[in-house]
Amino acid sequence: MNSDRVEKEVVLKAPLDRVWRAISDSEEFGRWFGVRFDGPFVAGKSVTGTMTPTEVDDDVAATQQPYAGEADAWHIVAVEPQRRLAFRWHPFGVEAGVDVSQEPTTLVEFTLEDTPDGVLLRIVESGFEAVPANRRRTAFEANSEGWAAQTELIRKYLALGERV
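The residue count restarts for each chain, going from 1 along the sequence in the order it is written. Selection of residues for local features in this predicted model requires a pLDDT of at least 70, selection of side-chain atom pairs for listing and counting requires 80 or more, and totals for whole chains, interfaces and linings are taken over all residues. Note that the side-chain values use all heavy atoms of the structure and ignore hydrogens as well as water.

- UniProt positions are given in the numbering used here, feature names are shortened, and annotations may be inferred rather than shown by experiment. In its Sequence similarities (unreviewed entry) section, UniProt records this for the protein chain: "Belongs to the AHA1 family."

## Observations regarding the overall build of the protein chain
Then comes step 1: Helix numbers and strand numbers start at the N terminus; a helix is a DSSP run of H or I with at least 4 residues, a strand a run of E with at least 2. Looking only at helices and strands, the protein chain has four helices and seven strands in total.
Then comes step 2: Of the regular secondary structure in the protein chain, the N- to C-terminal order runs β-α-α-β-β-α-β-β-β-β-α.
Then comes step 3: For the exposure calls, accessible area comes from a 1.4 Å probe over protein chains only, and a residue counts as buried if that area is under 20% of its type's maximum, exposed if over 50%, partly exposed in between. Taken across its 164 residues, the protein chain has 46% of its residues classed as buried.
Then comes step 4: Residue contacts follow a heavy-atom distance rule, with two residues in contact if any of their heavy atoms lie within 4.5 Å. For the protein chain, restricting intrachain contacts to residue pairs at least 6 apart in sequence, the fraction spanning at least 24 positions comes to 57%.
Then comes step 5: All accessible areas in this document rest on Shrake-Rupley with a 1.4 Å probe, and a residue is counted as covered only by the protein chains that are shown. Put simply, the protein chain shows about 8,300 Å² of open surface, and 48% of that area lies on carbon and sulfur atoms.

## Let's talk about the packing of aromatic side chains
The description of an aromatic ring pair rests on the distance of the ring centres and on the angle between the ring planes.
Then comes step 1: Think of it this way: a Phe, Tyr or Trp ring, Trp meaning its six-membered ring, pairs with another when their centres are within 6.5 Å, and the plane angle makes it stacked under 30 degrees, edge-to-face over 60, tilted otherwise. Taken as a whole, this structure holds 21 aromatic pairs when the rule is applied.
Then comes step 2: Judged by centre distance (5.4 Å) and plane angle (80°), the rings of F87 and W89 are edge-to-face. For the pair formed by F87 and W89, the shared burial category is buried.
Then comes step 3: Through successive ring pairs, a cluster of aromatic residues spans F29, W32, F33, F37, F41, W74, F87, W89, F110 and W147.

## A word on the packing of helix α1 (residues 16–24) against helix α2 (residues 26–33)
Then comes step 1: Each axis is a line fitted through C-alpha atoms, and for a helix only the stretch in contact is used; angles between axes span 0 to 180 degrees, taken between their N-to-C directions. Packing of α1 against α2 leaves a shortest axis separation of 5 Å and a crossing angle of 85°. The pairing of α1 with α2 is recorded here as roughly perpendicular in orientation. Residues R18, R21, A22, I23 and S24 of α1 lie in contact with α2, whose contacting residues are S26, E28, F29 and W32. Put simply, angles under 35 degrees are roughly parallel, angles over 145 are roughly antiparallel, angles from 65 to 115 are roughly perpendicular, and the rest are oblique.

## Some points on the side chain of R135
Then comes step 1: Counting through the fold element by element, R135 comes out in helix α4 (residues 133–159).
Then comes step 2: A residue is classified by how much of its surface remains accessible, and R135, at 3% relative accessible area, is buried.
Then comes step 3: Separated by 2.8 Å, the side chain of R135 and the backbone oxygen of P91 make a polar contact. For this analysis, a polar contact is any N or O atom pair within 3.5 Å, provided that within protein one partner can donate a hydrogen and the other can accept it, and provided that sequence-adjacent residues contribute only side-chain to side-chain pairs.

Quick look at the structure:
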């Protein structure tokens, strides 16, 4: 097990431009991820994300309730249309009673690849080795589980089509 990076993949049954919009448009991203942003994703800019229930899965929305209202800054590193979205954030930045504002961030990268079976979405979060030792394992495990859940949420979101 590589303790510095989390890697998840999912093949999505939707056109590339639709998947790109679901990850690159901050409002759409927030619907399936469960966060409300104060602006668009623009490379070199930061946005603040406030946890909100996801609109895609009532069971997941219920588990997010303890974190609802928690906010964290996301620094957008790259927006490469229909290929890559990357941002930096504080991993598991919603831990009760912990101020992560001075901690190092991790890099989260969403990459897309058209395949015969659909669009392959890869999510890689790296940089956990820089997280303070007392939080590293918790942050790694929480985000590993979180990204597994998020691959299912985006799949469900896209399966709903344009109704959301």
